[in-house]
Amino acid sequence: MLVDTVKYKFSNYSIFLTVVLSVGISWFYKWNYTDYPLDFMGGDAKDYYSGLVSIFITHDFTSQTGNDWFLLKTNSGTINVHPIGVSVLLLPFFAIASLLAGVFNFPMDGFSFPFQLLVAIGALVYAVIGLVYIRKLFQLHNIGDKTSSIIILLVFFGTNLLNYTLSEAGLSHVYSFSLISIFLYHSSKFVLQRENKNLLSAFLILGLIVLVRPNNILILLTIFMWFKSFEECKQFFRDLFKNKAFYKASLLAISIVLVQSLVWFIQSKSFFHNTYKADGFYWLNPQILKMLFGFDGGFFIYSPICFLFLLGLIFLFRENKFSFISTSLFLLGLFYFFASYWAYNYFDGFGIRVLVDYYALFSFIGAKLFTHFLGKTLIYNSIVFISTLLLFVNLIYSYQANRNILLRAGMTFNKWKYIFLKTSSEYQNVLGGSNELTPYSSKKQEVVLTSEIPINEAFNFSQKEYGPTLHFDSIGFHSRRIQLKINCKRQELFLNASKDALLCVALEDGETHEGKSYTQFKLNETPAIDCCDEREYNYTANITADFKPKDKLSVYIWNIKQQAFLLNKLSVNVYNYNFQIN
């Protein structure tokens with residue numbers, strides 16, 4: 001018997017508690033933190049948001065407001081790597097923000113306080129909608145109110161969904177999470193009840209899912225997990241293809257997706273662009289273990305409760321073998337797909353952020369685990385206890401990520417171990433080094449520039465702010481992206497003498513002598529715990545800029561506090577990862 005209409009009291013309390021606690025946590029993590037200005041539209045978020053600014057603020061849709069490395073110039077106009085979907089979903093909130101900005105005389109620039117506030121509210125609203133539909137999905141499948149209420153709290157506060165709702169509200173992930181939660185509910189309900197209104201709802205949401213993040217069309221494959229047997233599945237599709245509503249629903253979804261093509265045509269006079277041409281996949285070399293268990297963003301390292309949730313597959317197998325096989329194959333395919341992407345850590349995020357979109361699915365699997373042990377008090381309480389511990393670990397992770405204790409990219413085991421569960425201000429901004437992944441290329445790239453400082457005798461930085469510099473007077477090539485592999489050996493003369501030293505990379509225009517790009521990171525990956533052996537570091541750093549042949553490139557150490565340590569080696573190899581989008 002379906003219980004979709006039964007009111008789940010404790011689940012509603014959990015959702016209400018989520019809203020109340022979110023306001024407090026957001027204030028603590030973001031709004032009341034004075035070290036950095038409030039900004040929910042920085043980084044990639046600026047690009048997702050650019051459609052609204054271009055249409056309503058600058059009134060020039062062919063000139064996007066975003067990050068240079070995501071704005072692609074064509075012969076007819078400028079397009080954005082990121083799709084228009086987030087801008088569409090935030091449109092009502094943008095309209096309210098515009099009204100408030102006008103009434104209270106804030107700058108009408110799309111980024112002033114009312115716009116920041118409404119993006120934050122918008123993200124929380126969509127997160128709550130996602131949680132509501134997880135509850136509805138649980139009701140539909142007879143998962144009890146108690147289990148539903150616990151899972152709702154765990155999936156929000158126990159995973160990096162918390163971060164991508166409250167701290168990085170302008171990114172696409174909370175919106176995708178919300179839409180996928182709705183899709184799972186309506187697609188499941190259509191399979192169970194065969195009502196065309198659910199079919200239309202599912203395809204409408206599917207269109208929005210693709211408009212927000214095209215890769216998430218993969219969620220369509222979850223349809224198989226709602227069947228009990230292969231025969232039932234075959235009969236469903238026979239009936240589906242005879243159903244006129246299916247074709248109307250498909251046309252609806254396609255119409256929504258074509259909004260992106262219309263945007264591209266307005267901007268560039270072309271209906272289609274492969275905006276990810278420079279960011280490919282290594283299909284024969286997926287980094288699944290690193291993506292799941294690596295310390296540079298690893299999914300189960302930074303959202304360990306999802307690993308616990310996956311144990312629910314055992315009980316799904318006992319309950320419905322066909323659903324178990326379908327769900328397991330989908331998850332394996334999902335992991336393979338995302339791990340095949342060249343940047344399997346997904347850049348400077350907190351955890352593997354692309355999997356945040358699918359947390360409704362992980363919640364459903366986790367609910368099977370909790371439901372199975374519901375009547376077994378000792379085991380059930382043990383699982384709840386472990387889950388609570390993992391929830392608090394996530395809250396600490398989130399705090400660390402928002403206080404620059406935990407690096408968003410380039411984490412290693414040693415860095416993770418050094419700051420694990422540390423929240424004191426003395427751990428802020430102490431991690432250094434640079435461990436960026438090699439950019440995508442269909443063929444192996446050779447060294448285009450190389451240099452090493454000839455150090456016959458170790459250079460002593462004592463009382464010196466700068467030392468020897470690796471300098472290229474002209475790089476000799478055009479590019480949009482390069483990678484530097486830097487090798488450095490240093491020896492401290494007293495403990496933590498080089499703690500504040502920075503390794504810097506500067507690009508200067510060869511004609512105007514203006515700075516074009518600048519990158520810096522701490523010389524030491526972690527503060528030293530002993531003295532005074534020689535330490536060797538190998539860094540990789542990716543630089544995206546408009547490189548021209550006469551540009552000058554410099555690599556040097558900035559010893560800010562002029563403390564005493566020896567430089568025994570400094571060398572660099574430069575690789576050209578140029579790309580052409582259009």
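Before reading on, note that the structure itself is shown above.
Quantities reported herein were computed from a predicted structural model and do not represent experimental measurements. (Residues numbered from 1 in each chain as written. Predicted model: local features only at pLDDT ≥ 70, side-chain atom pairs only at ≥ 80, totals over all residues. Heavy atoms only, no water.)

Q: Looking at this structure, how should I read the overall build of the chain?
A: When its secondary structure is counted, the chain shows 18 helices and 11 strands. Its C-alpha atoms give the chain a radius of gyration of 26 Å, near enough to 25 Å, the size a compact globule of 582 residues would have. Summarising its shape, the C-alpha atoms of the chain cover approximately 80 × 60 × 55 Å along the three principal directions. Considering the chain as a whole, with its 582 residues, one finds that 56% of them fall into the buried category. Look at the contacts in the chain between residues 6 or more apart in sequence, and 77% of them connect residues 24 or more apart. Carbon together with sulfur atoms contributes 61% to the accessible area of the chain, which is approximately 25,800 Å² in total. (Helix = DSSP H or I, 4+ residues; strand = E, 2+ residues; numbered from the N terminus. Rg over C-alpha atoms; globule rule 2.2 N^0.38 Å. Buried < 20%, exposed > 50% of the residue type's maximum accessible area, 1.4 Å probe, protein only. Contact = heavy atoms within 4.5 Å. Areas by Shrake-Rupley, 256 points an atom, 1.4 Å probe, with all protein chains shown as cover.)

Q: Just to check I follow, could you spell out helix α15 (residues 321-340) for this structure?
A: Each turn of an α-helix holds 3.6 residues, which means side chains three or four residues apart point in the same direction. Here α15 contains 20 residues, and its C-alpha end-to-end distance of 28 Å stays within 8% of the 28 Å for a straight helix at 1.5 Å per residue. Near the N-terminus of α15, the side chain that reaches the backbone nitrogen of Phe322, with its oxygen 3.2 Å away, is that of Asn320. (Expected span 1.5 Å × (residues − 1). Polar contact = N/O pair within 3.5 Å; in protein donor to acceptor, adjacent residues only side chain to side chain.)

Q: It is not clear to me how the nonpolar core should be interpreted in this structure. Could you clarify?
A: Generally speaking, soluble globular proteins have nonpolar side chains that are buried together. Of all hydrophobic cores here, the largest spans 141 residues; its most connected members are Phe299 and Phe362. Top element by residues in this core is helix α4 (residues 113-140). It accounts for 13 residues. With sequence-adjacent residues up to four places away left out, Phe299 is seen in contact with Met291, Leu292, Pro304, Cys306, Phe335, Ile352, Leu355, Tyr359 and Phe362. In terms of nonpolar packing, the next biggest core, distinct from the first, is built from 33 residues, Ile453, Leu484, Leu503 and Ile543 among them. (Core = buried A, V, L, I, M, F, W, Y, C linked by side-chain atoms within 4.5 Å.)

Q: Sorry if this is basic, but what is going on with the packing of aromatic side chains here?
A: A complete count under the given rule lists 67 aromatic pairs for this structure. With a centroid separation of 5.7 Å and 20° between ring planes, the pair formed by Phe28 and Tyr399 is classed as stacked. Of this pair, Phe28 sits in helix α1 (residues 9-31) while Tyr399 sits in helix α17 (residues 377-402); the two residues are 371 residues apart in sequence, bridging distant segments of the chain. Judged by its relative accessible area of 46%, Phe28 falls in the partly exposed class. Seen from their ring centres, Phe281 and Phe337 are 5.1 Å apart, and the 40° between their planes marks the pair as tilted. One end of the pair, Phe281, is in the loop between α10 (244-268) and α11 (288-293); the other, Phe337, is in helix α15, and 56 residues separate them in sequence. The class of Phe337 is buried, set by a relative accessible area of 16%. A network of ring pairs unites the aromatic residues Phe281, Trp283, Phe330, Tyr336, Phe337, Phe338, Tyr341, Trp342, Tyr346, Phe347 and Tyr358 as a single cluster. Cation over ring: Lys464 sits above Phe459, and NZ or CZ is 5.7 Å from the ring centre. Between the NZ or CZ atom of Lys485 and the centre of the ring of Tyr575, over which it lies, the distance is 5.1 Å. (Phe/Tyr/Trp six-rings, centres within 6.5 Å; stacked < 30°, edge-to-face > 60°. Lys NZ or Arg CZ within 6 Å of the ring centre and 35° of its normal.)

By themselves, these figures tell us nothing about what the structure is for.
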